[in-house]
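# Summary of the model geometry
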Amino acid sequence: MILITGATGRIGRELVRELDAAKAKVRILVRDPARAADLPTSAERVVGDLDEPATLALALNGVDRLFLLTPGIGVDQASNAITAARDAGVRQIVLLSSIWADGDPVPAMGRWHRERERLLEASGVPATILRPGGFTTNALEWVPSIHENGYVVDAIGPGRTAAIDPADIAAVAAVVLTQDGHEGRTYVLTGDEALTTAEQVQIIADTIGRDIEVRAATTPEEIIRSRYPGGAPKPLADAVLEAAAVMRADTAGVRTDTVRRLLGRRPRTFAEWCERNRDALRPAG
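First things first, this report covers the structure right here in the doc. This one's a predicted model, so the numbers in the text were calculated from it and none came from an experiment. (Residues numbered from 1 in each chain as written. Predicted model: local features only at pLDDT ≥ 70, side-chain atom pairs only at ≥ 80, totals over all residues. Heavy atoms only, no water.)

### Here's the deal with helix α7 (residues 197–208)
What counts is decided by this rule: Runs of H or I in DSSP of at least four residues are treated as helices and runs of E of at least two as strands, each being numbered from the N terminus. Multiplying 1.5 Å by the helix residue count minus one yields the expected span of that helix. Type-normalised accessible area, obtained with a 1.4 Å probe on protein chains alone, sets the label of each residue: buried when under 20%, exposed when over 50%, and partly exposed for intermediate values. By arc we mean the arc of the directions from the helix axis to the C-beta atoms, nothing more. Residues are treated as being in contact if the distance between any of their heavy atoms lies within 4.5 Å.
In this model, α7 (12 residues) spans 17 Å end to end at C-alpha, consistent with the 16 Å of a helix rising 1.5 Å per residue. The complete set of buried residues in α7 reads T197, Q200, V201, I204, A205, T207 and I208. Buried residues of α7 fall within an arc of 160 degrees about the axis and therefore sit on the same side. Contacts made by the buried residues of α7 are with α5 (143–149), β7 (151–154), β9 (213–216), α11 (270–276) and α12 (278–281). Downstream of α7 by a residue or two, G209 has a phi angle that is positive, lying close to 70 degrees.

### As for the pairing of strand β2 (residues 26–30)
Defined as follows: If DSSP finds at least two bridges between two strands, the strands pair. If the strands point away from the viewer and the path from the first strand over the helix to the second runs clockwise, then the crossover is right-handed.
With 5 of its 5 residues buried, β2 lies for the most part within the structure. Both faces of β2 are covered, namely the face carrying V26, I28 and V30 and the face carrying R27 and L29. Both strand β1 (residues 2–4) and β2 contribute to a ladder of 3 bridges, which runs parallel. Bridge pairing links I2 to V26 in β2. Read from β1 through helix α1 (residues 10–21) to β2, the crossover connection turns out right-handed. Judged from the 4 bridges that link them, β2 and strand β3 (residues 44–47) form a sheet pairing that is parallel. Bridge pairing in β3 links R27 to E44.

### Here we look at the sheet that holds strand β5 (residues 92–96)
Rules: A fitted line through C-alpha atoms represents every axis, and for helices the fit uses only the stretch in contact; the resulting angles, taken between N-to-C directions, go from 0 to 180 degrees.
Read across the sheet, 7 strands follow the order β3-β2-β1-β4-β5-β6-β8 without closing on themselves; strand pairing throughout is parallel. The sheet is open, and its two edges are formed by β3 and β8 (186–189), each paired on a single side. Sheet twist, expressed as the average angle between the axes of neighbouring strands with direction ignored, equals 20 degrees. Inspection of the sheet shows β1 paired to strand β4 (residues 65–68) by 3 bridges, in the parallel sense. Note on β4: the bridge partner recorded for L3 is L66. Contacting β4 and β5, helix α3 (residues 76–88) crosses the sheet at an angle of about 180 degrees to β4.

### Structural notes on the side chain of R114
Checked against the element boundaries, R114 lands in helix α4 (residues 108–123). With residues up to four places along the chain from it excluded, the contact list for R114 reads A101, V106, E121 and R131.

### Side note on the packing of α3 against α4
As a reminder, the rule being used: The cut-offs work like this: below 35 degrees is roughly parallel, past 145 is roughly antiparallel, 65 to 115 is roughly perpendicular, and the gaps in between are oblique. Crossing handedness: left-handed means the near helix sits turned counterclockwise from the far one by under a right angle, and right-handed means the same turn made clockwise. For this classification, the nonpolar set comprises Ala, Val, Leu, Ile, Met, Phe, Trp, Tyr, Cys and Pro, the charged set comprises Asp, Glu, Lys and Arg, and every other residue, Gly included, is treated as polar.
In contact at an axis separation of 10 Å, α3 and α4 are set at 15 degrees when each is read in the N-to-C sense. Considered as vectors, α3 and α4 are oriented roughly parallel to each other. Classified by chirality, the crossing of α4 by α3 is right-handed. For the pair α3 and α4, the contacting residues are A78, S79, I82 and R86 in the first and R116, L119, L120 and S123 in the second. Looking at the contact of α3 with α4 residue by residue, the classes come out as 4 nonpolar, 2 polar and 2 charged.

### Points about the packing of aromatic side chains
Applied cut-off: Aromatic contacts are taken between Phe, Tyr and Trp rings whose centres are within 6.5 Å, Trp giving its six-membered ring; a plane angle under 30 degrees counts as stacked, one over 60 as edge-to-face, and the others as tilted. A ring is scored as having a charge over it whenever the NZ atom of a lysine or the CZ atom of an arginine sits within 6 Å of its centre and within 35 degrees of its normal.
Using the criterion set out here, one finds 1 aromatic pair in the structure. Across the ring face of Y151, the terminal group of R215 is positioned such that the distance to the ring centre comes to 3.9 Å.

Put into structure tokens, the structure is as follows:
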């Protein structure tokens, strides 16, 4: 039995469908079962909350493998899940971490992820760590500005990123959850095309048939608002600014062949993701 956390998110939904297609026995941890109504009915539902350790024992009863995704900052949810999984005798945890968890020193954007990795390493439970780079779905953050203003604020200029489709992350997770031999491994996951923000925006423009201007961010406040229109707490804002500086300096773009090696195919391109999400990208009406 495989337990999936974060099952109603962008990666989790794709993962549940991948595992359903593979005929794997799947259980999903949900706080609100209604949010999982469109997921395969073969997946067993169990109500629980990573913030409530007492709810996790039942969810993990009989579980062999756990896919652990904890959003946002902090490590309490990961700690609760890892402790409960160890106590339940789970024999593999696949942790969704981040490419930002690497480095010396680790950038602020990755410190929470690295601390979760350390908790898992100290637990003694066999583990596989997935460290994806930026998601193609991050482009959805530009949609309000595209629709309302006709432009995108560019925080990284000449910097390039090889964004990965969450569906590819889910496909990799399905492989490491259903095949032996991945315990003790850390996999860095990226797309295989490194694009600037301007190049990504042009692909979106071509997809939806609309001209979109790219405006360089000129102040730290603009960079923060481009990600969090309502503002962000100072620790998060500082992390965003540090990440933007790192990405601006990376004019080559980090790329790995991990997706190709594990899946036997190339990662999906940004253009393919845009085509699949055309309706979400184009202006209403």
